[in-house]
Amino acid sequence: MAQAVAARPMRELIQWPAQGFTHVPMQVFSDPEIYMWEQDLIFRGPTWHYLGLEIEAPQTNDFFTSAIGDTPVIVVRTADECFNVLVNRCAHKGATVCYQPTGRSERFTCPYHNWIYDHSGKLISVAFEKGIRGRNGESLGGMPADFDKAAHGLRCLRVETIAGLIFGSFSDAAPPLEDYLGPVMSAHMRRTLHGRPKILARYRQMMHNNWKLYAENARDNYHPSLLHAFFATFKLNRLSAEGGVRQDDKNWHHIVFAKKHTDQGAPEYSSGEIRAQKDDFGLNDPTLISSWIEFDDEITNSIETIFPTFTLQQILNSVGTRQLLPLGPEKSELVWTLIGFEEDTDEQAHMRLKQSNLVGPAGLVSMEDGIIGNFVQRGIKGDLGRTAVVLMGGHDVGSAPTRATETSVRGFWKVYKELLHV
Amino acid sequence: MSDGAFGDTARSIAASSHITERITRLMTDYSAVIDNDRLESWPDFFVQNCFYSVIGRSDHEVGRLAGFMYCDNRDMLVDRIRSLRSANVFQPHRYRHIISPPRILAVNGDVVRCETSYALIRTSVPEGAMVVFSTGRYLDEIVFEGSDAKFQRRVAVTDSDRIDMLLVIPI
């Protein structure tokens, strides 16, 4: 609760519109005090946060660094199937203990004054704790006799894994991970990550917008076929393809899915009213989107979003994770990991490589997401008293048999309001 | 040293300087085409069975192939430009490439391997904000088709693994 102590109470900061989660005050995308409260109430609140893949620390003593919101963390494999998550901040001066992105170590030594921690975060050594021996054998300097090493560890967080994904939580109030996710979300993760994963690519994307504008974007199944023209043109993902939205019972998490083989077309796409539809556009190399039906459910496109900041994607056979990190009120970052499986045939592996062109900051069907949040950020400047409307598909939250709805965006705001008590 | 041997060496030096000149021209023409927004001509710098990718240095160093862009033939380059022109949405911006002289690493038969550093400044339009968008190096395999030097393989390895906002115009 350290950050928000300086901030005014949330209820003084926001007057949420009486309509509830269908109307969003634009102030939440820019206000530094709200941002501080989010760190306390969301990122250190009763939530779980994706940190990385188990295979990123394949052996005991392997570690990698990650973050939960603004807070840097270390993920370390302590035994075969066991991981610890430690706040990456020395108890002495607050320095980053582990400054390398990955490595292997039996203990963590802060580079500043060589305070040493074990994998559970316990402080096991303080350099010159007993001082230096003087000429007459007396001890000079050193820590006071009442210095308690046990009270100066690295904070060790809750950690759980599912389908090779590692999640961490600051909060004892968060339910166990699978209860937090619910059965629909858990099953879909296991379905998408069905093999022995291997990393095909890892890169980052800086966005000049509040983190929630991307959280909305990932849940917004109304926009893809409209904003991402490449998608609609090749019948990869039109709203007229069979698809819909699945949610967990509490509307925290969402899966938007489509089955492109069911596309019957919709008059909007052929009438020229929708910018995204370009009839004269054909690929010179159609093998870019060569794909195979990888899943028994025949879903060709699914975006699973876990509150608050995790996305698991399947776009044709392009499988990957996106970790959303806030970087202050008006900046955020995505950490992308593209995933293949050891079981892939050469042909399948090649298709995944070619399909990697679809996603990421240069993705033919995703690049626009890197700037559309900034378009909003710029648009709302100077008039933060206004509200955004989230009414597509009605006033409710919950699963829907169509993608012409913003039900998942409403779900996000419903949970956001609950956690921030506004 | 016989006259004949001297002549061979001279011819060899002349040939190699000629090759260097053609490679240098390829590099500078490539940058000019992108920076001057003549992107439709960009695929012409490649042979049909080419490979072009843009990949972060960390991925490249551990032997991964996928990166930001992955094109394993010239048609994919044409598709990139057509998508950029007619489908993708982005704030207009301009590139300026600053490139080093090419560092020739090897000549294997008809293929020249070389490495060239670049710095790429991106200017947004109309605000004019300028950022060092990317620095890195090109790892190239160059072949000669008649009088033209062309890329058989060009991998742009970016020093940063992070892209600011989006990458739509090729590097």
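Residues numbered from 1 in each chain as written. Chains lettered and ligands numbered in written order. Predicted model: local features only at pLDDT ≥ 70, side-chain atom pairs only at ≥ 80, totals over all residues. Heavy atoms only, no water.

Enquirer: I'm lost on empty space enclosed by the protein in this one. Help?
Expert: Rolled over the atoms, a probe with the dimensions of a water molecule shows which regions are left empty. On inspection of all chains with the given rule, the structure shows three cavities of 30 Å³ or more. Volume-wise, the second largest cavity comes out at about 50 Å³. Every residue along the wall of the second largest cavity is listed here: Asp285, Leu288, Asn357 and Leu364 of chain A together with Cys71, Met76, Asp79 and Arg80 of chain B. The element best represented in the lining of the second largest cavity is helix H3 (residues 74-86) of chain B, accounting for three residues. The class makeup of the residues in the lining of the second largest cavity is four nonpolar, one polar and three charged. (1 Å grid on protein atoms, 1.4 Å probe; cavity = no way out; pocket = protein on both sides within 12 Å on 5 of 7 lines; lining within 4 Å. Points joined across faces, edges and corners; volume = space filled by probe spheres on them. Helix = DSSP H or I, 4+ residues; strand = E, 2+ residues; numbered from the N terminus. Nonpolar A, V, L, I, M, F, W, Y, C, P; charged D, E, K, R; others polar.)

Enquirer: What is the right way to read the layout of surface pockets from this model?
Expert: What the largest pocket holds in volume is close to 950 Å³. Every residue lining the largest pocket is counted, 38 residues in all, and those nearest its centre are Glu56, Thr65, Pro101, Thr102 and Arg202 of chain A. Among the secondary structure elements, those contributing two or more residues to the lining of the largest pocket are strand S2 (49-53), strand S3 (62-68), strand S4 (71-79), strand S6 (102-104), strand S14 (197-207), strand S19 (318-326) and strand S20 (332-341) of chain A together with helix H2 (57-61) of chain B. Element by element, the count of residues in the lining of the largest pocket is highest for S3 of chain A, at six residues. Of the volumes computed, that of the second largest pocket is approximately 420 Å³. Listed by contribution, the elements that provide at least two residues to the lining of the second largest pocket are helix H4 (211-219), helix H9 (369-379) and strand S21 (387-389) of chain A. Classifying every residue of the lining of the second largest pocket gives eleven nonpolar, three polar and three charged.

Enquirer: It is not clear to me how the interface of chain B and chain A should be interpreted in this structure. Could you clarify?
Expert: Every contact between the two is made by 32 residues of chain B and, on the other side, 37 residues of chain A. Carbon and sulfur atoms supply 54% of the area buried between chain B and chain A, which totals about 3,200 Å² over both sides. The largest contributions to the chain B side of the interface with chain A come from Val89, Arg162 and Met165 of chain B, which together make up 19% of the buried area. Joining chain B to chain A, the criterion identifies three salt bridges. Arg162 of chain B serves as the salt-bridge partner of Glu333 of chain A, at 3.0 Å between the closest nitrogen and oxygen. Between chain B and chain A we count 23 residue pairs in polar contact (both at pLDDT 80 or more) in total. When contributions to the side of chain B that touches chain A are tallied by element, the ones reaching two or more residues are strand S2 (69-71), H3 and strand S8 (162-164) of chain B. Here the side of chain B that touches chain A gets eight residues from one element, more than from any other, and that element is H3 of chain B. In the sheet, S14 of chain A pairs with S8 of chain B via three bridges, with the strands oriented parallel. Of the residues in S8 of chain B, the one forming a bridge with Arg204 of chain A is Arg162 of chain B. (Contact = heavy atoms within 4.5 Å. Buried area = accessible area lost by both parts, 1.4 Å probe. Salt bridge = Lys/Arg side-chain N within 4 Å of Asp/Glu carboxyl O. Polar contact = N/O pair within 3.5 Å; in protein donor to acceptor, adjacent residues only side chain to side chain. Pairing = 2+ DSSP bridges.)

Enquirer: For this particular structure, what's the right way to read the pairing of S19 of chain A?
Expert: Residue and element names in this part refer to chain A. Of all the nine residues making up S19, nine are buried; the element is thus mostly covered by neighbouring parts of the structure. Here S19 shows two buried faces, one formed by Ser318, Gly320, Arg322, Leu324 and Pro326 and the other by Val319, Thr321, Gln323 and Leu325. Note: strand S18 (residues 310-315) against S19, six bridges, orientation antiparallel. Within S19, the residue paired with Gln313 across the bridge is Gly320. In this structure, the hairpin formed by S18 and S19 is closed by a connection of two residues, where Leu316 is found at a positive phi of approximately 55°. Hairpin connection from S19 to S20: five residues lie between these consecutive antiparallel strands, with Gly328 at a positive phi of about 95°. (Buried < 20%, exposed > 50% of the residue type's maximum accessible area, 1.4 Å probe, protein only.)

Enquirer: What am I meant to see in the pattern of salt bridges here?
Expert: Pairing between side chains of opposite charge can happen when the charged atoms of each approach one another. Overall, the coordinates contain 32 salt bridges over all chains when judged by the stated rule. Among the ionic pairs, Asp297 of chain A bridges to Arg191 of chain A, the shortest N-O distance being 2.8 Å. With Asp297 of chain A in the loop between helix H7 (267-270) and strand S17 (301-306) and Arg191 of chain A in helix H3 (residues 177-192), this pair connects stretches of sequence that are 106 residues apart. By relative accessible area, which is 15% here, Arg191 of chain A ends up buried. In this structure, the salt-bridge partner of Arg154 of chain B is Asp140 of chain B, at a minimum N-O distance of 2.8 Å. Here Asp140 of chain B lies in strand S6 (residues 130-145) and Arg154 of chain B lies in strand S7 (residues 148-158), a separation of 14 residues in the sequence. What makes Asp140 of chain B buried here is its relative accessible area of 3%. The structure contains a network of salt bridges with shared partners spanning Arg204 and Glu333 of chain A together with Arg162 of chain B.

Enquirer: Can you walk me through helix H2 (residues 32-43) of chain A in this structure?
Expert: An α-helical turn contains 3.6 residues, so any two residues separated by three or four positions project in the same direction. Residues and elements named next belong to chain A. Burial analysis of H2 places ten of its twelve residues in the buried class, the great majority of the element. Listed in full, the buried residues belonging to H2 are Glu33, Ile34, Tyr35, Trp37, Glu38, Gln39, Asp40, Leu41, Ile42 and Phe43. The secondary structure elements touched by the buried residues of H2 are helix H1 (10-13), S2, S3, H4, S19 and helix H10 (407-420). With a side-chain oxygen lying 2.8 Å from the backbone nitrogen of Glu33, the N-terminal cap of H2 falls on Asp31.

Enquirer: Can you walk me through the state of the cysteines in this structure?
Expert: Scanning the model with the defined rule gives zero disulfides over all chains in all. In this model Cys156 of chain A remains outside any disulfide bridge; the closest cysteine sulfur is found in Cys82 of chain A, 12 Å from its own. You can call Cys156 of chain A partly exposed: its relative accessible area is 38%. As a non-bridged cysteine, Cys50 of chain B has Cys71 of chain B as the owner of its nearest cysteine sulfur, 7.6 Å distant. (Disulfide = S-S within 2.5 Å.)

Enquirer: Please clarify how the packing of aromatic side chains should be interpreted in this entry.
Expert: Here the distance between the centres and the angle between the planes together describe a pair of aromatic rings. For the structure shown, the criterion picks out 29 aromatic pairs over all chains. Aromatic pair Trp115 of chain A and Phe147 of chain A: ring centres 5.7 Å apart, planes at 65°, arrangement edge-to-face. With Trp115 of chain A in the loop between strand S7 (108-109) and strand S8 (116-117) and Phe147 of chain A in the loop between strand S11 (139-140) and strand S12 (156-162), this residue pair connects regions lying 32 residues apart in the sequence. Owing to a relative accessible area of 17%, Phe147 of chain A belongs among the buried residues under this scheme. Joined through ring pairs, the aromatic side chains of Trp16, Phe29, Phe43, Tyr180, Trp211, Trp252, Phe307, Phe412, Trp413 and Tyr416 of chain A make up one cluster. Above the face of the Tyr30 of chain B ring, Arg154 of chain B is positioned so that its terminal group lies 4.3 Å from the ring centre. (Phe/Tyr/Trp six-rings, centres within 6.5 Å; stacked < 30°, edge-to-face > 60°. Lys NZ or Arg CZ within 6 Å of the ring centre and 35° of its normal.)

Enquirer: Explanation requested: unusual backbone geometry in the structure shown.
Expert: Where the residue is not glycine, phi is negative for most of them; where a peptide bond is considered, it is trans in most cases. Residues and elements named next belong to chain A. The omega torsion of the bond from Phe307 to Pro308 falls at 0°, within 30 degrees of zero and hence cis. Looking at the element boundaries, Pro308 is found in the loop between S17 and S18. The backbone phi angle of Phe128 is positive, close to 55°, even though this residue is not glycine. The topology assignment puts Phe128 in the loop between strand S9 (123-125) and strand S10 (132-133). Since its relative accessible area comes to 60%, Phe128 is described here as exposed. Unlike most non-glycine residues, Asn251 shows phi in positive territory, near 65°. Here Asn251 shows up in the loop between strand S15 (242-247) and strand S16 (254-259). Here Asn251 falls in the buried class, since its relative accessible area comes to 8%.

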